[in-house]
Amino acid sequence: MTTLRIDNVSRWFGNVVAVNDISMTVGPGVTGLLGPNGAGKSTLINMMGGFLAPSTGSVTLDGQPIWRNEQIYRHIGIVPEREAMYDFLTGAEFVRANAELHGLGAKEAQHALATVEMEYAQDRKIATYSKGMRQRVKMASALVHEPSVLLLDEPFNGMDPRQRMQLMDLLRTMGAEGRTVLFSSHILEEVEQLAAHIEVVVAGRHAASGDFRKIRRLMTDRPHRYLVRSSDDRALAAALIADPSTAGIEVDVHEGVLRVQAVDFGRFTSLLPAVAQAHGIRLLTVSPSDESLESVFSYLVAA
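What counts as what
- Residue indices begin from 1 for each chain and proceed along its sequence in written order.
- For a predicted model such as this one, the threshold for reporting local features is a pLDDT of at least 70, and the threshold for listing and counting side-chain atom pairs is 80 or more; totals across whole chains, interfaces and linings nevertheless cover every residue.
- Just so you know, side-chain values use all the structure's heavy atoms and leave hydrogens and water out.
- Under this scheme, a helix contributes an axis fitted over its contacting stretch, all axes are lines through C-alpha atoms, and angles between N-to-C directions fall in the 0 to 180 degree range.
- Strands are runs of DSSP state E lasting at least two residues, helices are runs of H or I lasting at least four, and both sets are numbered from the N terminus onward.
- Reported orientations rely on four angle classes, namely roughly parallel under 35 degrees, roughly antiparallel over 145, roughly perpendicular from 65 to 115, and oblique for the rest.
- In this scheme the crossing of two helices becomes right-handed for a clockwise turn of the near helix relative to the far one and left-handed for an anticlockwise turn of less than a right angle.
- Two residues qualify as a contact provided that any one of their heavy atoms is within 4.5 Å of a heavy atom in the partner residue.
- Lys, Arg, Asp and Glu make up the charged group, whereas Ala, Val, Leu, Ile, Met, Phe, Trp, Tyr, Cys and Pro make up the nonpolar group; the residues left over, Gly among them, are polar.
- Where a domain begins and ends is set by an automatic assignment or by a domain database.
- Only rings of Phe, Tyr and Trp enter the pairing, Trp through its six-membered ring, and a pair is recorded when the two centres are within 6.5 Å. The plane angle decides the type: under 30 degrees is stacked, over 60 is edge-to-face, the rest tilted.
- To sort residues, take the accessible area from a 1.4 Å probe on protein chains only and compare it with the maximum for the residue type: under 20% means buried, over 50% means exposed, and anything in between is partly exposed.
- Directions drawn from the helix axis to the C-beta atoms are what define this arc.
- One less than the number of residues in a helix, times 1.5 Å, gives the span that helix is expected to have.

1. A word on the packing of helix H4 (residues 131-143) against helix H5 (residues 161-176)
In a packed pair of helices, the relevant descriptors are the angle between the two axes and the axis-to-axis distance.
Part 1 of the argument: Taken N-terminus to C-terminus, the directions of H4 and H5 make an angle of 20°; their axes are 11 Å apart at the nearest point. Here H4 lies roughly parallel to H5, going by the angle between them. The hand of the H4/H5 crossing is left-handed. Note on element contacts: H5 touches H4 through Arg-162, Gln-163, Leu-167, Leu-170, Leu-171 and Met-174, opposite Gly-132, Arg-136, Met-139 and Leu-143.
Part 2 of the argument: For the contact of H4 with H5, the class distribution of residues is six nonpolar, two polar and two charged.

Structure, rendered in structure tokens:
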């Protein structure tokens, strides 16, 4: 079981604090790293990958320090966001060079290229690659030594929809195999579909950690919003509005739905079926309208 630990880590550049006293643990499975631009995501990934030393605190892999520990790279694969590559090499040469650094050869390089579906362009110069192709050949290079930890900084940039789906399937498989996969992305839909666990960084600080739906339910200072469809929306609204667990109810006649704001999540979830039963009203659908990752992220950023 491979675990990355970040303990009370800060990193500053001159007078700019990029990461401020962050602690988190990243274990097996797929973890999404979220935050606005400039929040410190890339700085965190660079410290996890050994590219940057923390100014204070420690970053370890299974208890071993990552900074200036070359043995760590037997276990870590890294896909940085930056575009700088050896454009004069072919894709195959680039991946093979990384394989040789690990004491591996052409067979492993070929397997990595096949894994990311880049065999068809392996003999072309990287200078001729699109952004999405560059991302995939960087991914092949990171996978060539079968790492137990994969760190990906905006890995989906420049990929077309088919390439995105292929990479998402690959990362799901790796997470299911027990590898530790951490990726950052500014596309919340990708994170929502892929990551069972999220870490949120805002302005260099750790804002939240865990399953985003559970995080949302812990935000007791914000009303929970629901869409409710029933056999008698008006009667249900009249019965619910008198209870202190609701802060507002809108009858949307065009959509045929009730829009409910609940300020007491626990009380409302038991109240709704009881009220419906007492008034002979059938509940057709009850769905939260603000438990998406996008809603949770917007609440955390605005907090």
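2. What about the domain arrangement of the protein chain?
Part 1 of the argument: Taken domain by domain, the protein chain holds domain 1 (4-216) and domain 2 (218-289).
Part 2 of the argument: Distance between the C-alpha centres of domain 1 and domain 2: 42 Å.

3. Quick look at the packing of aromatic side chains
Part 1 of the argument: Taken as a whole, this structure holds three aromatic pairs when the rule is applied.
Part 2 of the argument: Relative to Phe-183, the ring of Phe-156 lies with its centre 5.9 Å away and its plane at 80°, an arrangement referred to as edge-to-face. Here Phe-183 lies in strand E8 (residues 180-184) and Phe-156 lies in the loop between strand E7 (149-153) and H5, a separation of 27 residues in the sequence.
Part 3 of the argument: Looking at Phe-183, the relative accessible area reads 0%, which means it is buried.

4. Overview of helix H3 (residues 106-115)
Part 1 of the argument: Residues of H3 that are buried: Ala-109, Ala-112 and Leu-113. Taken around the axis of H3, the buried residues stretch over an arc of 100°, which confines them to a single face.
Part 2 of the argument: Buried-residue contacts for H3 involve helix H2 (91-101) and H4.
Part 3 of the argument: Two residues or fewer after H3 comes Glu-117, characterised by a positive phi angle close to 55°.

5. Let's talk about H4
Part 1 of the argument: Its 13 residues place the ends of H4 19 Å apart at the C-alpha level, agreeing with the 18 Å of an ideal helix rising 1.5 Å per residue.
Part 2 of the argument: Counted residue by residue, H4 has twelve buried out of 13 residues, so it is predominantly covered.
Part 3 of the argument: Of all the residues in H4, the buried ones are Gly-132, Met-133, Arg-134, Gln-135, Arg-136, Val-137, Lys-138, Met-139, Ala-140, Ser-141, Ala-142 and Leu-143.
Part 4 of the argument: Taken together, the buried residues of H4 touch strand E6 (76-79), H2, H3, E7 and H5.

6. So, the packing of H2 against H3
Part 1 of the argument: One way to put it is that H2 packs onto H3 with a least axis distance of 9 Å and a crossing angle of 125°. Taken together, the axes of H2 and H3 are oblique relative to one another. The handedness of the crossing between H2 and H3 is right-handed. For the pair H2 and H3, contact is made by Gly-91, Ala-92, Val-95, Arg-96 and Ala-99 and by Ala-106, Ala-109, Ala-112 and Leu-113, respectively.
Part 2 of the argument: Within the contact of H2 with H3, the residues separate by chemical class into seven nonpolar, one polar and one charged.

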